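So the chains spell out like this:
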Amino acid sequence: MTKEQILKIYQEKFGNDTPEVYASPGRVNLIGEHTDYNGSFVFPGAIDKGMIAAIRLNGTDKVHAYAADLDESSEFGLTEGDLPKEGWAKYIFGVCREIIKRGGEVTGFDTVFAGDVPLGAGMSSSAALESTYAYALNDMLRLGIDKFELARVGQSTEHNYVGVKCGIMDQFASLFGKKGHLIRLDTKTMEYEYFPFNPQGYKLVLLDTVVKHELASSAYNKRRESCEHAAATIAKRHPEVKFLRDATMDMLKEVKGEISEEDYMRAEYVIEETQRVRDVSDALERGDYKTVGKKMYETHHGMSKLYEVSCEELDFLNDVAKEHGVTGSRVMGGGFGGCTINLVKDELYDSFITDAKRKYNEKYGHLPKVYDVVISDGARKL
Ligand code: GLA
C-alpha cells in the first residue's frame, strides 16, 4: 500500500489527513537459522514487503488502532492491565509497554496500518509491525532510543505479550536493512556487517507452501529450551560456554549421556549451523555461490532431521529444487510451514518455478506462492 492510500484510509477513519507515515519491512535469511537465540550468527536482509502505518498523537492516554487489511478496530489504554483482546493489537500494545518500561513516555495515538508481508510465511510480518511502531513512536515522541534497543523492544513484545521466545534477527533486520545488502549479525556481540548481495546470474526466490502448522510457537519455545539446557550442561565442564555458539562438537559429545537424545540433536544442529554461516561468509567474499547453495541444502537437512522444524510440504519443495539442479534451497525462518528460500541460476528459473508449481499442485491440490526477493531498506519515515 502506498502512502497516499494509507492516508486516504486514515482520513476516512479519523477525519484527519495530517498523520505521519512510517514503514518497516519483513525479512529473508540466507543462512543461520535458529542460531539467534544461541549467541550465534544470522544472515538476513530486509525485503520489499512490509508494514505501513499512519499515526497521529491524539493527546489522550488511549490508542485507537485500525487494521485496514482485516477491517478491525481496537481501542486500548497504556497501562499493563489494558492488554487488548485482538491478536494483532497485542503487538502495538506490547511495543508501547516495552517503551514505557524503558522510561519512554508514550501517549495515546490514532493509527491505521496495512501490510503486504504474507502472514505465517516465515517472512516476519510481526517483526515488521513491531518495528514500524517502535521506530515511529521513538521518532514522533523524540525518545532517543537507539535502533538496537528498538529491536529489543520488538523482541520483548514477542516474549512478554505474544509468548514467542524469539531471538533478535527479525527485528534487527527490519530496522537495520539496507537496499542491495544482506547483513551478517553476530548475536552475541551485536556486531554486524553489510554484505553487498547482487549475485550475477542468480535469483533468490521464495516458494511459499501456504501451510502453517499449529503449535509453531510452543514448538519454537521448546527448541530454545533444549538449546539452553544443552549449553548449561556443557557449561558445567566448560564455564566459558555461555551459549551453544561457544561450544564445539567435542564438548557436546562429552555430555551425550547427560542430556536427552532430542536435546543432543538440537545442539548438534546449532553447532553445525554456526560453522555453516562462517563458511557462507567466506564463500560470499569469493563470489562462490556453489558453496553458498551447498550449505543451504545442508541447513535444510539439519532443520528437517536434527532440529525437526521442517514439514512434509517444505521437504517436498526442497526435493523438487534438488532434482531440478537448483543451486541452493532450504526452509527459511522458524519453520513448521512457510517458505523455502532458493538460490536459482537465471537460466533455470522459469523451468524450476513451472515444475515446482505443477508438482506441488499435483501433490497438495493447491499452488505454492512465489515471491522474488528484492533486498530493500529498513524502517523509515515516508
Ligand atoms: C523466527 C524468530 C527468529 C529466529 C528464526 C529462526 O523468525 O523470530 O528470532 O529464531 O525464527 O532462525
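What counts, and at which threshold
Residues numbered from 1 in each chain as written. Predicted model: local features only at pLDDT ≥ 70, side-chain atom pairs only at ≥ 80, totals over all residues. Heavy atoms only, no water. Domains from an automatic or database assignment. Contact = heavy atoms within 4.5 Å. Buried area = accessible area lost by both parts, 1.4 Å probe. Salt bridge = Lys/Arg side-chain N within 4 Å of Asp/Glu carboxyl O. Polar contact = N/O pair within 3.5 Å; in protein donor to acceptor, adjacent residues only side chain to side chain. Helix = DSSP H or I, 4+ residues; strand = E, 2+ residues; numbered from the N terminus. Buried < 20%, exposed > 50% of the residue type's maximum accessible area, 1.4 Å probe, protein only. Pairing = 2+ DSSP bridges. Axes fitted to C-alpha atoms, helices over the stretch in contact; angles between N-to-C directions. Parallel < 35°, antiparallel > 145°, perpendicular 65-115°, else oblique. Nonpolar A, V, L, I, M, F, W, Y, C, P; charged D, E, K, R; others polar. Phe/Tyr/Trp six-rings, centres within 6.5 Å; stacked < 30°, edge-to-face > 60°. Lys NZ or Arg CZ within 6 Å of the ring centre and 35° of its normal.

Caption draft 1: Representation of the domain arrangement of the chain within the structure. Looking at the chain, the domain boundaries give domain 1 (3-196) and domain 2 (202-372). Averaged C-alpha coordinates put domain 1 and domain 2 at centres separated by 26 Å. With 32 residues of domain 1 in contact, the opposing surface of domain 2 contributes 42 residues. The contact between domain 1 and domain 2 buries some 3,100 Å² in all, and 64% of this surface belongs to carbon and sulfur atoms. For the pair domain 1 and domain 2, the interface holds three salt bridges. Ionic pairing is found between Arg 330 and Glu 33, a salt bridge with its closest N-O pair at 2.8 Å. Scanning the region where domain 1 abuts domain 2 turns up 21 residue pairs in polar contact (both at pLDDT 80 or more). Those elements giving two or more residues to the side of domain 1 that touches domain 2 turn out to be strand 1 (20-29) and strand 7 (181-186). Here the element with the most residues in the side of domain 1 that touches domain 2 is strand 1; it accounts for three residues.

Caption draft 2: Molecular detail of the pattern of salt bridges. Applying the stated criterion to the full structure yields 30 salt bridges. The salt bridge partner of Glu 20 is Lys 381, with a shortest N-O separation of 3.1 Å. Separated by 361 residues along the polypeptide, Glu 20 in strand 1 and Lys 381 in strand 13 (residues 380-381) bring together distant segments of the chain. Owing to a relative accessible area of 42%, Lys 381 belongs among the partly exposed residues under this scheme. Look at the salt bridges and you will find they share partners, linking Glu 98, Lys 101, Arg 102, Glu 149 and Arg 152 into a network.

Caption draft 3: Highlighting the environment of Ile 234. By the secondary structure assignment, Ile 234 is in helix 6 (residues 216-237). Spatially, the C-alpha atom of Ile 234 lies 9.7 Å from that of Lys 256, the residues being 22 residues apart in sequence. Excluding residues within four positions of it along the chain, Ile 234 makes contact with Val 241, Leu 244, Ala 247, Met 251, Leu 252 and Val 255.

Caption draft 4: Region of the structure containing the sheet that holds strand 12 (residues 369-372). Spatial strand order, 10-11-9-12: four strands in an open sheet with antiparallel pairing. Since the sheet does not close on itself, it has two edges, and those belong to strand 10 (328-331) and strand 12, each with one partner. With direction set aside, neighbouring strand axes in the sheet form an average angle of 20°. Here strand 10 pairs with strand 11 (residues 337-345) via four bridges, running antiparallel.

Caption draft 5: Representation of the packing of helix 6 against helix 8 (residues 261-286). Two elements in contact, helix 6 and helix 8, have axes whose closest approach is 9 Å; the angle formed by their N-to-C orientations is 85°. Taken together, helix 6 and helix 8 sit at an angle that is classed as roughly perpendicular. Of the residues in helix 8, those in contact with Lys 222, Arg 223, Ser 226, Cys 227, His 229 and Ala 230 of helix 6 are Glu 262, Asp 263, Arg 266, Ala 267 and Val 270. The class makeup of the residues in the contact of helix 6 with helix 8 is four nonpolar, two polar and five charged.

Caption draft 6: Structural view of the sheet that holds strand 5 (residues 72-77). Across the sheet, which stays open at both edges, the six strands sit in the order 5-4-6-3-1-13 with mixed pairing between neighbours. Pairing within the sheet leaves two strands with one partner each, and these edge strands are strand 5 and strand 13. The pairing of strand 1 with strand 3 (residues 44-57) spans nine bridges and is antiparallel. Across the sheet, Asn 29 pairs through a bridge with Pro 44, a residue of strand 3. Together, strand 4 (62-67), strand 5 and strand 6 (109-115) form the strand contacts of helix 2 (residues 87-101), whose direction differs from that of strand 5 by roughly 30°. Contacts from helix 3 (residues 125-140) reach strand 1, strand 3, strand 6 and strand 13, with the element oriented near 145° to strand 1.

Caption draft 7: Representation of the packing of aromatic side chains within the structure. Counted under the stated rule, the structure contains 22 aromatic pairs. The interplanar angle of 85° and the centroid separation of 5.8 Å between the aromatic rings of Phe 76 and Phe 93 together place this pair among those described as edge-to-face. Here Phe 93 lies in helix 2 and Phe 76 lies in strand 5, a separation of 17 residues in the sequence. Judged by its relative accessible area of 2%, Phe 76 falls in the buried class. Given a relative accessible area of 0%, Phe 93 falls into the buried group. Among the aromatic side chains, those forming a connected cluster through ring pairs are Phe 148, Phe 172, Phe 176, Tyr 192 and Tyr 194. Here the guanidinium or amino end of Lys 13 rests over the ring plane of Tyr 66, the centre of that ring lying 4.2 Å away. Over the ring of Tyr 194 we find Lys 178; its NZ or CZ atom is 4.7 Å from the centre of that ring.

Caption draft 8: Spotlight on the pairing of strand 1. Burial runs high along strand 1: nine of the ten residues are buried. Alignment of strand 1 against strand 13, held across two bridges, turns out to be antiparallel. Paired with Ala 23 across the strands is Arg 380, a residue of strand 13.

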